[in-house]
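# Summary of structural features
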Amino acid sequence: MNLNDLQAEPRAEARPSGLEGVVVADTKLSHVDGERGELVIAGARAEVLAESAEFETVAEQLLALAGAPVVGLRAALARARAAAYATVAELSACLTLPDAMDALLAATARASSGRDALSVLGALPVYVAAGERLRRGQRTIAPDPTLRHAQDFLHMLGLSADSARARALDAYLVTVSDHSLNASTFAARVVASTGSDVVASIAAALGALKGPLHGGAPGPVLDMLDATRGGDPRAWLEAELRAGRRIMGMGHRIYRVRDPRAFVFERALARLERELSAEPGTGSARILERLNHARRVEQAAETLLAERHPGRPLRANVEFYTALLLEALAIPRTLFTATFAIGRCAGWLAHIEEQRRTGRLIRPAARYIGSLPA
Ligand code: COA
């Protein structure tokens, strides 16, 4: 940067460091009301979508709203999963990286066959499932074109993929498919605004999602539930705060009330428990036990955080019950963030399209507080 550039930077006061409240895009894709705890995705309430819609339908609606309609998305995604599976051997060095998000990022960035939006959307569950099985020394499982996206992911992981579990995962993917201008979506839009391609934009989003303050929290939420099992959660939580750590799954930049997605996942878990309880040995008792314990920990965390931050409501966020829902489906905790990415990818792609159509580079300014040469 030369002195001329410095002169061009505005002299205005710096904005709050996290850009809170700064509007940088118009979107038709989703709306978050943080005061009332409402989330609208593709024009419908998240809780209604989670009860009734398939992931494919919501992805189709998001892309159509962004001006990139796709006819027959379900079949197109099945074809994209098959095409991605054909590249698993060539991507195995990426897919077997020890961290599932590193593997997903590396494989996505490297894939030569996944240059358009649908290829990327179809590839993510294939990469996550194949990578997990290869890391465990197991044979990969080919996608099944007759299955829906959610069900096929469970199938490719080698997990039970009956209709109750597939429906629960569908509810999860639909609910996380978009969430206004969260950090990963913003990252995707910034990269798209430079004229870069879909793969580069999605790689940026994956990098942002990996962080523990964004999509990396649900694994640690389960660690917290394990650590507080059979004991007093308050004592454990106090020790965490004393050590300067945040309580994972609590607090949100936008919501001042309990995250509406926490309610959706609690309901999905209760329904899964009911459906599985008809068949003995399917783990329904464990779901109930975990759910009850999670509610005790949530209550203790909420009380403690309210004492410490009386003016700043810090309530359960999406990640708290994500952890329980994905655990109930037997998805390993090391894959929670990558599973989040499979759902959020629909929103990322729609936002990338929406951003491109603005034709405008996102380039904020910084206030220079260093010294100038004499
Ligand atoms: N545990 C403990 N303290 C928390 C907290 C948490 N989960 N969330 C916020 N705080 C505290 C902050 O340390 C800060 O304290 P200070 O004023 O003494 O510095 C205060 O509450 C305000 O927090 P702030 O950093 O302004 O909130 P934010 O809007 O920037 O943060 C999150 C939002 C999500 C990053 C934050 O709540 C968090 O880190 N949560 C845990 C991680 C998580 O669950 N992420 C998933 C998000 S969906």
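Located above this text is the structure these notes cover.
Quick look at the structure, then. All chains use their own residue numbering, which begins from 1 and follows the written sequence. Where totals are concerned, whole chains, interfaces and linings use all residues; where local detail is concerned, this predicted model gives features only for residues with pLDDT of at least 70, and gives and counts side-chain atom pairs only at 80 or more. The basis for every side-chain value is the complete set of heavy atoms in the structure, and neither hydrogens nor water enter the calculation.

### Overview of the overall build of the protein
Stated precisely, the cut-off is as follows: Counting from the N terminus, the helices are DSSP H or I runs at least four residues long and the strands are E runs at least two residues long. Atoms counted for the radius of gyration: C-alpha only. Globule rule: 2.2 Å times residue count to the power 0.38. The buried label applies to any residue whose accessible area, calculated with a 1.4 Å probe on protein chains only, is under 20% of its type's maximum; exposed applies above 50%, and partly exposed to all values in between. Here a residue-residue contact requires only that any non-hydrogen atoms of the pair lie within 4.5 Å. Method for areas: the Shrake-Rupley scheme with a 1.4 Å probe, in which residue coverage is limited to the protein chains shown.
Check the secondary structure of the protein and you find 17 helices and 3 strands. Taking 2.2 N^0.38 as the reference for a compact globule, 374 residues should give roughly 21 Å; the C-alpha atoms of the protein span a radius of gyration of 21 Å, in line with that estimate. Projected onto its principal axes, the C-alpha positions of the protein cover 75 × 50 × 40 Å. When each of the 374 residues of the protein is scored for burial, the buried share is 51%. Of the contacts made within the protein by residues no fewer than 6 positions apart, 76% connect residues no fewer than 24 positions apart. Here the protein has roughly 16900 Å² of accessible surface; of this, 53% comes from carbon and sulfur atoms.

### Observations regarding helix α7 (residues 117–135)
Going by this rule: One less than the number of residues in a helix, times 1.5 Å, gives the span that helix is expected to have. Bend angle per residue: angle between axes fitted to the 7 residues ending at that residue and the 7 residues starting there. Residues adjacent in sequence count toward polar contacts only when both atoms are side-chain atoms; beyond that, a polar contact is any pair of N or O atoms within 3.5 Å, and within protein one must be able to donate a hydrogen and the other to accept it.
Over its 19 residues, α7 runs 27 Å from end to end, which matches the ideal 27 Å to within 8%, given 1.5 Å per residue. Most pronounced at A123, the bend in α7 amounts to some 30 degrees, and the proline P125 follows within four residues. Where burial is concerned, most of α7 is hidden: 16 out of the 19 residues are buried. Here α7 starts with a cap whose side-chain oxygen sits 3.1 Å from the backbone nitrogen of L118, and that cap is D116. Just downstream of α7 lies G137, where phi reads positive at about 75 degrees.

### So, the side chain of T175
Tracing the chain through its elements places T175 in helix α9 (residues 163–175). For T175, the side chain forms a polar contact with the main-chain oxygen of A171, separated by 2.5 Å. Setting aside chain neighbours within four positions, we find T175 in contact with L39, I41, A50, R261, V264 and F265.

### With respect to the packing of aromatic side chains
Aromatic rings considered in pairs are described by the distance between their centres and by the relative angle of their planes. Short version of the rule: Within 6.5 Å between ring centres, the rings of Phe, Tyr and Trp (the latter by its six-membered ring) count as paired, and their orientation is classed by plane angle as stacked under 30 degrees, edge-to-face over 60, tilted in between.
Applying the stated criterion across every chain, the model contains 2 aromatic pairs. Centroid distance Y172 to F265: 5.3 Å. Interplanar angle 45 degrees. Geometry classified as tilted. In this pair, Y172 is assigned in helix α9 and F265 in helix α14 (residues 260–277), connecting sequence segments 93 residues apart. Of the two residues, Y172 and F265, neither departs from the other in class, the shared state being buried.

None of the figures reported here should be taken as evidence of function without further support.
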